[in-house]
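Chain by chain, the residues:
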Amino acid sequence: QVQLVESGGGLVQAGESLTLSCAVSGPTYANSAIGWFRQAPGKEREFVAASRWSGVGLLYADSVKGRFTFSRDIAKMTVILEMNSLKPEDTAAYYCAATAPGVSRVDSVNGYTYWGSGSQVTVSS
């Protein structure tokens, strides 16, 4: 059983930066996926960034490319999302998620089995 715990959310002003961390425990596999999703009030959960646990296949949503950086520290079993140049439309609950081994896509919310409880990010204008 994989467990995920997010931290680092908060309230910032537009243009500022914030870093989210996800502590991962339990079995991980090179071809499983680990990623970040977000959900704003009244909207569906959407993909933000993800890769295989091995680091292969890193993807970003178009809306965050060039502003957000995804990384993972295997030794520390931690996944990081650095968010720069934040915009009010980035306001959402951010979730760390992981898949079982061998999932074909890293950017599909339906492929993720394990979810953290979420961390709120609020960007004021």
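Just so it is clear, the structure is predicted and the values come from calculations on it, not from any experiment. (Residues numbered from 1 in each chain as written. Predicted model: local features only at pLDDT ≥ 70, side-chain atom pairs only at ≥ 80, totals over all residues. Heavy atoms only, no water.)

Student: Would you take a moment to explain the overall build of the chain for this structure?
Tutor: Secondary structure assignment for the chain yields 0 helices and 11 strands. N-terminal to C-terminal, the α/β element order of the chain is β-β-β-β-β-β-β-β-β-β-β. Principal-axis analysis of the C-alpha atoms gives the chain an extent of 40 × 25 × 25 Å. The proportion of buried residues among the 125 residues of the chain is 41%. Put simply, 58% of the contacts in the chain that link residues at least 6 apart link residues at least 24 apart. Of the side-chain charges in the chain, 10 are positive and 10 negative, and the distance between the mean point of each set is 4 Å. (Helix = DSSP H or I, 4+ residues; strand = E, 2+ residues; numbered from the N terminus. Buried < 20%, exposed > 50% of the residue type's maximum accessible area, 1.4 Å probe, protein only. Contact = heavy atoms within 4.5 Å. Lys, Arg positive; Asp, Glu negative; His and termini not counted. Charge placed at Lys NZ, Arg CZ, Asp CG, Glu CD.)

Student: Quick question: what am I supposed to make of the nonpolar core here?
Tutor: Nonpolar side chains tend toward joint burial in soluble globular proteins. Among the nonpolar cores identified, the biggest contains 34 residues, and Ile 34, Trp 36, Leu 81, Met 83 and Tyr 94 are the most heavily contacted of them. Elements represented by at least two residues in this core include exactly strand E3 (18-25), strand E4 (33-39), strand E5 (46-52), strand E7 (68-73), strand E8 (78-83), strand E9 (92-99) and strand E11 (119-124). Broken down by element, this core gets its largest block of residues, 5 residues, from E9. Dropping the residues within four chain positions of it, Leu 81 is found in contact with Leu 18, Thr 19, Leu 20, Trp 36, Val 48, Ala 49, Phe 68, Thr 69, Phe 70 and Tyr 94. (Core = buried A, V, L, I, M, F, W, Y, C linked by side-chain atoms within 4.5 Å.)

Student: Quick question: what am I supposed to make of the side chain of Arg 38 here?
Tutor: You can see Arg 38 is positioned in strand E4. Note on Arg 38: relative accessible area 6%, which makes it buried. At a separation of 2.9 Å, a polar atom in the side chain of Arg 38 contacts the side chain of Asp 90. At 2.9 Å, the side chain of Arg 38 forms a polar contact with the side chain of Tyr 94. Excluding anything up to four places from it in sequence, Arg 38 contacts Glu 44, Arg 45, Glu 46, Val 48, Ser 63, Val 64, Phe 68, Glu 89, Asp 90, Ala 92, Ala 93 and Tyr 94. (Polar contact = N/O pair within 3.5 Å; in protein donor to acceptor, adjacent residues only side chain to side chain.)

Student: In this structure, what is going on with the state of the cysteines? I would like to understand it.
Tutor: Cysteine pairs can be linked by a disulfide, which is a covalent bond between their two sulfur atoms. Summed over all chains, the structure comprises 1 disulfide. With its sulfur 2.1 Å from that of its partner, Cys 22 forms a disulfide with Cys 96. Measuring handedness by torsion sign, the sulfur bridge of Cys 22 and Cys 96 sits at about -80 degrees and is left-handed. Of the two residues, Cys 22 sits in strand E3 while Cys 96 sits in strand E9, which places them 74 residues apart along the sequence. (Disulfide = S-S within 2.5 Å.)

Student: How should the pattern of salt bridges be read in this particular structure?
Tutor: Note on pairing: side chains with opposite charge can pair once their charged atoms come close. On inspection of all chains with the given rule, the structure shows 5 salt bridges. Between Asp 107 and Arg 105 there is a salt bridge whose closest N-O contact spans 3.0 Å. Taking the relative accessible area as the measure of exposure, Asp 107 reaches 26% and is therefore partly exposed. Arg 105 gets classed as partly exposed once you look at its relative accessible area, which sits at 48%. (Salt bridge = Lys/Arg side-chain N within 4 Å of Asp/Glu carboxyl O.)

Student: Any chance you could explain the sheet that holds E3 here in plain terms?
Tutor: Either a parallel or an antiparallel arrangement is found when strands of a sheet pair, and the pairing is made through backbone hydrogen bonds. Reading across from one edge, E1-E3-E8-E7 is the order of the 4 strands in this open sheet, with antiparallel pairing throughout. Looking at which strands have only one partner, the edges of the open sheet turn out to be strand E1 (3-7) and E7. The mean angle between the axes of side-by-side strands here comes to 15 degrees, regardless of whether they run parallel or antiparallel. Sheet analysis places E7 next to E8, joined by 6 bridges and oriented antiparallel. By the bridge assignment for E8, Phe 68 is matched with Met 83. (Pairing = 2+ DSSP bridges. Axes fitted to C-alpha atoms, helices over the stretch in contact; angles between N-to-C directions.)

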